[in-house]
Amino acid sequence: MTRTIEDSHGLGTDVRLAVTEIAAAAGAWCPALAPTGDRVAYVSDRSGRPRLEVATLDQQTPPAVVSGPDQEVVSVAWSPDGEWLAFLISPGGSICAQLWVAHADGSEPRLVAGEDPRCTVFAGGWTARPGHYACTIADGPGADVVLVDVVSGAHRTLATGGFLAVTAVAPDEGRLLARRGPRGHRHVVLVDVPTGQQTRVVPTGSPGWQQSEDGRFGPDGHSVYLRAALPGPPGEDRTGLLVVPLSADGVPGVAEVLVSRPDADLDGYAVRADGSVLCLWNVGGVSELELRRVDDGALVRAVELPLPVMPGWSLAADGGSLVAELTGPGAPRGLWVVDLADGTSRPLPSAPRLPNPDLLVTPVRHPYRAADGLALEGWLYTPPDVHGPNRTVVVFHGGPEGQERPSWSPVAQALVAAGLTVFAPNVRGSGGRGAAFMAADDVDAREASFADVPATVEHLVQAGIATPGRVGAHGWSYGGYLTLVALTRWPDLFAAGVSLAGMSDLRSFFAGTEPWMAAASTTEYGDPVTDREMLATISPMTALEALRSPVLLAHGDRDTNVPVAESVQAHQALTALGAPTELLLLPGEGHTVVGRENLVELTERTTAWFDRWL
């Protein structure tokens, strides 16, 4: 590409304009259909910040903005009677969300939970009783299930004891289902509200199925459906759908597998009134939607999707259609109406600012193997004019339970627009391949899991994809941490790095993060007291003197998930060591950068950093 003029970030004008257009693309997500099926509420960042909008499905009138201009909306749910919208907002970019409600026409918005800035509200759902919304509220290491009367503002605690994330409430509000436990060790409990008694839906000691993510009551109230991990060897165990009968007095019976696939994880499901179950599968990162019979799990039909990844949906009250949140390599998250009877779909014009498709590439799924022979894979983005070894950036996802999928990735597309190849791997510990693979980096296995990093680079070089000595490392959250680990453990492996909101010291991370996050993370990283020495060993801060490559540290200045101090302290230490480093603090941003101006700044700085040092 021509670089006749350079801007302040060092990018040529043509490249900078392309990067800006990619980073500024708008999206829409988290659809919530009205019970009448004629309107949909959703979150959109077309204004430059995530706002709550309501639109008609016939698109005859412009969308109405419900949230305030200073509110950053996280999610929305429409009440079954059609009267209310419940939405979470992130005050000032904080992870400590608040619950707000408004009438369906947007009138009388008000705060109903999360007034205390030390509390965090997690989304739950409306119950069958008008005006009642059940959510989870954490004000320490634990979290309670709380029923909010949105008319009076009254709160009633339904369940307490441990970290409880509500997934369903019975129509009489006398029983509920909640997910309990830390990361990687979660199970669903049935709670008797009057007594507070909690019963595991799948008892301890049952063969397999020990980990379950969410539960729903069956239409007749005499069964529970569970999305749960099915047994199998690492990388071959899968997430499927179980059904558990309930006795007359509410005691769970023996769980049976209703639906499973040997090649896919179940991402989501919905039981329809016609005796079928809607199943959303994750097949190597690509979404597949199926209708199956609820009695025996037999396939009724597959529903074709117009884009490869479906992060969410809202099913119509009659079960005949849904509004899907869809995304792909060339499309930010957007909303589509999908008819489940004939399989047709049409987009809703909810995200008008799409990038020029000529600027974008489609990644290909690229398999390879770790040093110990474990099968790994990732997504390879190659500039259209590159046909051999090239400057390459390895992009590590967050989580570490996250997964790279063929969805919208403005960072990857911006780097490609600057002429760099991008490889986004799913190293061990990633999601999408069963519970055992996701747990393959937990606690004592963390050290060994790092070996997937040099194995990835070695493969890229041997395959003729990457140019030796011109490889960069980039990541967000855990991916930022893994980037710093790689730069300190293998100082000659990467020529440059960018860490976005990454942990630099797991000991200070545990001390500074939200209490509920610290409590949930012990099974992932280790105990901050008993495993303190081990945490020091795997923390980049204890080995920064080994780092020789230039590193850009970026962080939202309101981040309390991975506290902003994690990047600040690493920058201070590197500066004292005389290492080439820069710090980019993004004002008003939390753990996820959502403001358009900051997204553009971050993407331009990241792209320019690798363009300069590679």
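Scroll up a little and you will see the structure.
Every value quoted in this text rests on a predicted model; they were computed, and no experiment measured them.

This part covers the pairing of strand E5 (residues 73-78). Within a regular beta strand, the side chains point alternately toward one face of the sheet and then the other, so they alternate between its two faces. The buried fraction of E5 is high, at 5 of 6 residues. With 5 bridges joining them, E5 and strand E6 (residues 84-89) adopt antiparallel strand pairing. Across the sheet, the residue bridging to Ser75 is Leu88, located in E6. Where E5 hands over to E6, the hairpin turn is made up of 5 residues, of which Gly82 adopts a positive phi near 80°.

Quick look at helix H10 (residues 565-576) now. In a regular helix each residue adds 1.5 Å, so 12 residues correspond to 16 Å; H10 covers 16 Å between its end C-alpha atoms and thus fits that length. Against helix H7 (506-512), strand E35 (551-556) and strand E36 (581-586) lie the buried residues of H10. Backbone geometry just downstream of H10 places Gly578 in the positive-phi region, at approximately 80°.

It is worth spelling out the pairing of strand E21 (residues 265-271) at this point. With respect to burial, E21 is a largely interior element, 5 of its 7 residues being buried. Both E21 and strand E22 (residues 276-283) contribute to a ladder of 6 bridges, which runs antiparallel. Bridge pairing in E22 links Gly268 to Leu280.

Bringing the sheet that holds strand E4 (residues 64-65) into the picture now. Across the sheet, 4 strands lie side by side as E1-E2-E3-E4; this open sheet has antiparallel pairing. Only two strands of the sheet have a single neighbouring strand rather than two, namely strand E1 (28-33) and E4.

With that settled, the discussion passes to the sheet that holds strand E26 (residues 321-328). As summarised here, the arrangement of the 4 strands in space is E25-E26-E27-E28, forming an open sheet in which the pairing is antiparallel. Two strands bound the open sheet, and with one partner strand each, they are strand E25 (309-315) and strand E28 (345-347). Averaged over all pairs of adjacent strands, the angle between their axes in this sheet comes to 30°, without regard to strand direction. As paired elements, E25 and E26 share 5 bridges and run antiparallel to each other. Bridging across to E26, Ser314 finds its partner in Val323.

The description of two packed helices rests on the angle between their axes and on the distance between the axes. The N-to-C vectors of helix H2 (residues 410-417) and helix H11 (residues 596-613) enclose an angle of 45°; their axes lie 10 Å apart at closest approach. The orientation of H2 with respect to H11, classified from their angle, is oblique. As H2 packs across H11, the resulting crossing turns out to be right-handed. Residues Pro410, Ala414 and Leu415 of H2 touch H11, and the partners they reach there are Thr603, Thr606, Thr607 and Phe610. Here the residues of the contact of H2 with H11 are counted per class, giving 4 nonpolar, 3 polar and no charged.

Bringing the environment of Pro31 into the picture now. Its location among the elements puts Pro31 in strand E1. Accessibility expressed as a relative area gives 8% for Pro31, which makes it buried. Sequence separation of Pro31 and Thr382 is 351 residues, and the distance between their C-alpha atoms is 33 Å. Beyond its immediate sequence surroundings of up to four residues, Pro31 is in contact with Val40, Ala41, Tyr42, Trp313, Ser314, Val323, Glu325 and Leu335.

Turning to the pattern of salt bridges, a few remarks are in order. Applying the stated criterion across every chain yields a total of 31 salt bridges. The salt bridge partner of Glu173 is Arg156, with a shortest N-O separation of 3.7 Å. Taken as a pair, Glu173 in the loop between strand E13 (164-169) and strand E14 (175-180) and Arg156 in strand E12 (residues 155-159) lie far apart in primary sequence, 17 residues in all. For Glu173, a relative accessible area of 3% corresponds to the buried category. Note that Arg261 is salt-bridged to Glu290, the shortest N-O span being 3.1 Å. One end of the pair, Arg261, is in the loop between strand E20 (256-259) and E21; the other, Glu290, is in strand E23 (residues 286-293), with 29 residues separating them in the sequence.

Time to look at the environment of Gly399. Turning to its location among the elements, Gly399 is positioned in the loop between strand E31 (390-396) and H2. Sequence separation between Gly399 and Gly431 is 32 residues, and the spatial gap between their C-alpha atoms is 8.8 Å. Excluding residues that lie within four positions of it along the chain, Gly399 makes contacts with Arg183, Tyr478 and Tyr525.

Summarising the element assignment, Ser314 is placed in strand E25. A polar contact is formed between the side chain of Ser314 and the backbone nitrogen of Leu33, at a distance of 2.9 Å.

What counts and how
Residues numbered from 1 in each chain as written. Predicted model: local features only at pLDDT ≥ 70, side-chain atom pairs only at ≥ 80, totals over all residues. Heavy atoms only, no water. Buried < 20%, exposed > 50% of the residue type's maximum accessible area, 1.4 Å probe, protein only. Helix = DSSP H or I, 4+ residues; strand = E, 2+ residues; numbered from the N terminus. Pairing = 2+ DSSP bridges. Expected span 1.5 Å × (residues − 1). Contact = heavy atoms within 4.5 Å. Axes fitted to C-alpha atoms, helices over the stretch in contact; angles between N-to-C directions. Parallel < 35°, antiparallel > 145°, perpendicular 65-115°, else oblique. Left-handed = near helix turned anticlockwise from the far one by under 90°. Nonpolar A, V, L, I, M, F, W, Y, C, P; charged D, E, K, R; others polar. Salt bridge = Lys/Arg side-chain N within 4 Å of Asp/Glu carboxyl O. Polar contact = N/O pair within 3.5 Å; in protein donor to acceptor, adjacent residues only side chain to side chain.

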